[in-house]
Amino acid sequence: MKNGILYLCPTPLGNLEDVTFRVLRILREADKIAAEDTRHTRKLLSYYEIHTALVSYHEHNKITKTPVLIEWLLNGQTIALVSDAGTPAIADPGEELVQSAIVHGIDVVALPGPVAAITALTASGLPVAPFTFYGFLPQRGPQKKEILAKIMAEEKTVVFYEAPHRLRKTLADLCLLDPTRKAVMARELTKVHEEYIRGSLADICLHYEQTNPRGEFTILLAGAAECVAEPVDPVMLMEQYLAKGFSTRETAKEVARLTGKPRNEIYQKIIKKK
Ligand code: SAM
């Protein structure tokens, strides 16, 4: 019997119109759709009146489900893999299934479509080539520190994903390494509240001290070669915080955090200035 084909089908990042005719046809014609969250994918399918059978394939069942999907493919079934948003296998389940399909001689066809990293990169205003993609960073510990240092040493534009509740901490850690580095925050791409915040890491940290980070974020950093790191001027930063209405204590705390200078030293400078 002829093997089936594994199709990797990108789905919208937010705007339901961002899906290709070909993806819709494959979703309609496949024997099964393997979805990260079947309830989530059902919304897209019902919008486009697609009635293909859904099976779940996610981070927590991929070890047991991969051989099942491979068996179906070896039996001639066509499977369309989708994730909740964007392209499967890009910081989403899919990599292991693709590797296993290749080992079993099954054809893998990747359909083009939305990827948050690429969408953000093209409108960032940063050099698009070369660039390097880190997916999600490790969440904590020495591994995170190491990766942050590695990221800041990259000469290419760096793109990575971050959850909103970890955004301030990650930005502050990066800022300590080089507050002058140019960065872009691409938020809620393709959705109603889409926005790009561009500036130095120090500017962006200040912005998110005043604004609660909400929604989905893709972070981009200019390569180390793009801007020669200059030590940030604590006095200038201090003036920016005071002008934005931060108290003496808050300003001293934030400037110390962003420059690595002793808080008391900053505090004394502000008092003298006042
Ligand atoms: N497979 C997806 C892709 O192709 O981009 C990525 C999935 S990953 C689980 C989800 C992360 O992608 C989010 O936490 C966020 O960092 C980024 N992301 C997804 N949608 C986004 C959007 N609309 N705007 C900005 N970033 C987005």
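Residues numbered from 1 in each chain as written. Predicted model: local features only at pLDDT ≥ 70, side-chain atom pairs only at ≥ 80, totals over all residues. Heavy atoms only, no water.

J.: How would you summarise empty space enclosed by the protein if you had to cite specific residues and measurements?
T.: Evaluation of the coordinates by the stated rule reveals 1 cavity of 30 Å³ or more. By volume, the largest cavity is sized at about 30 Å³. Lining the largest cavity are Arg168, Leu171, Ala172, Cys205, Tyr208, Glu209 and Arg257. For the lining of the largest cavity, the secondary structure elements donating two or more residues are helix H7 (167-177) and helix H8 (201-210). For the lining of the largest cavity, the residue count by class is 4 nonpolar, no polar and 3 charged. (1 Å grid on protein atoms, 1.4 Å probe; cavity = no way out; pocket = protein on both sides within 12 Å on 5 of 7 lines; lining within 4 Å. Points joined across faces, edges and corners; volume = space filled by probe spheres on them. Helix = DSSP H or I, 4+ residues; strand = E, 2+ residues; numbered from the N terminus. Nonpolar A, V, L, I, M, F, W, Y, C, P; charged D, E, K, R; others polar.)

J.: So what about the site of the ligand? Which residues, and what values?
T.: Taken together, the neighbourhood of the ligand is formed by 20 residues, with Thr87, Ile90, Asp92, Tyr161 and Phe217 sitting nearest. Within the backbone of Ile90, a nitrogen or oxygen atom sits 2.8 Å from a nitrogen atom of the ligand. Contacts to the ligand include Leu189, whose backbone N or O atom sits 2.9 Å from a nitrogen atom. One can see that the ligand is located within the largest pocket. Elements with a contribution of two residues or more to the shell around the ligand: strand E7 (157-162) and strand E10 (217-221). Of the residues contributing to the shell around the ligand, the split by class is 12 nonpolar, 3 polar and 5 charged. When we break the shell around the ligand down by domain, the ones giving at least three residues each are domain 1 (5-110) and domain 2 (122-223). (Near = heavy atom within 4 Å. Polar contact = N/O pair within 3.5 Å; in protein donor to acceptor, adjacent residues only side chain to side chain. Sits in = over half its atoms within 2 Å of the grid points. Domains from an automatic or database assignment.)

J.: Any details on the sheet that holds strand E5 (residues 107-110)? Residues and values, ideally.
T.: Backbone-to-backbone hydrogen bonds pair the strands of a sheet. The strands run either parallel or antiparallel. Overall, parallel pairing links the 5 strands, which are arranged E3-E2-E4-E1-E5 in an open sheet. Because the sheet does not close on itself, it has two edges, and the strands there are strand E3 (53-56) and E5. Strand-to-strand, the axes of this sheet are offset by a mean angle of 25°, without reference to chain direction. Pairing analysis gives 4 bridges linking strand E2 (residues 32-35) to E3, with the strands arranged parallel. From the neighbouring strand, Lys32 faces E3, where its bridge partner is Ala53. Across the sheet, helix H1 (residues 21-29) lies against strand E1 (5-8), E2, strand E4 (79-82) and E5, angled at about 125° from E4, the strand it touches most. Against the sheet, helix H4 (residues 95-103) contacts E1, E4 and E5, and its axis sits at roughly 155° relative to E1. (Pairing = 2+ DSSP bridges. Axes fitted to C-alpha atoms, helices over the stretch in contact; angles between N-to-C directions. Contact = heavy atoms within 4.5 Å.)

J.: Describe in detail a nonpolar patch on the surface, supporting the description with residues and values.
T.: On the surface, a cluster of nonpolar side chains totalling about 230 Å² of accessible area is made up of Ile118, Phe131 and Phe133. Examined against the element boundaries, Phe133 turns out to sit in strand E6 (residues 131-136). Owing to a relative accessible area of 31%, Phe133 belongs among the partly exposed residues under this scheme. (Patch = residues over 30% accessible without salt bridge, like charges linked within 9 Å, V, L, I, M, F, W, Y side chains within 5 Å. Areas by Shrake-Rupley, 256 points an atom, 1.4 Å probe, with all protein chains shown as cover. Salt bridge = Lys/Arg side-chain N within 4 Å of Asp/Glu carboxyl O. Buried < 20%, exposed > 50% of the residue type's maximum accessible area, 1.4 Å probe, protein only.)

J.: Residues and numbers for the packing of helix H10 (residues 248-259) against helix H11 (residues 263-273), please.
T.: Put simply, H10 and H11 touch, their axes get as near as 8 Å, and they point 135° apart. The orientation of H10 relative to H11 falls into the category oblique. Judged by the twist between their axes, the crossing of H10 over H11 is right-handed. Contact residues: H10 offers Thr248, Arg249, Thr251, Ala252, Lys253, Val255, Ala256 and Thr259, while H11 offers Arg263, Ile266, Tyr267, Ile270 and Ile271. For the contact of H10 with H11, the class distribution of residues is 7 nonpolar, 3 polar and 3 charged. (Parallel < 35°, antiparallel > 145°, perpendicular 65-115°, else oblique. Left-handed = near helix turned anticlockwise from the far one by under 90°.)

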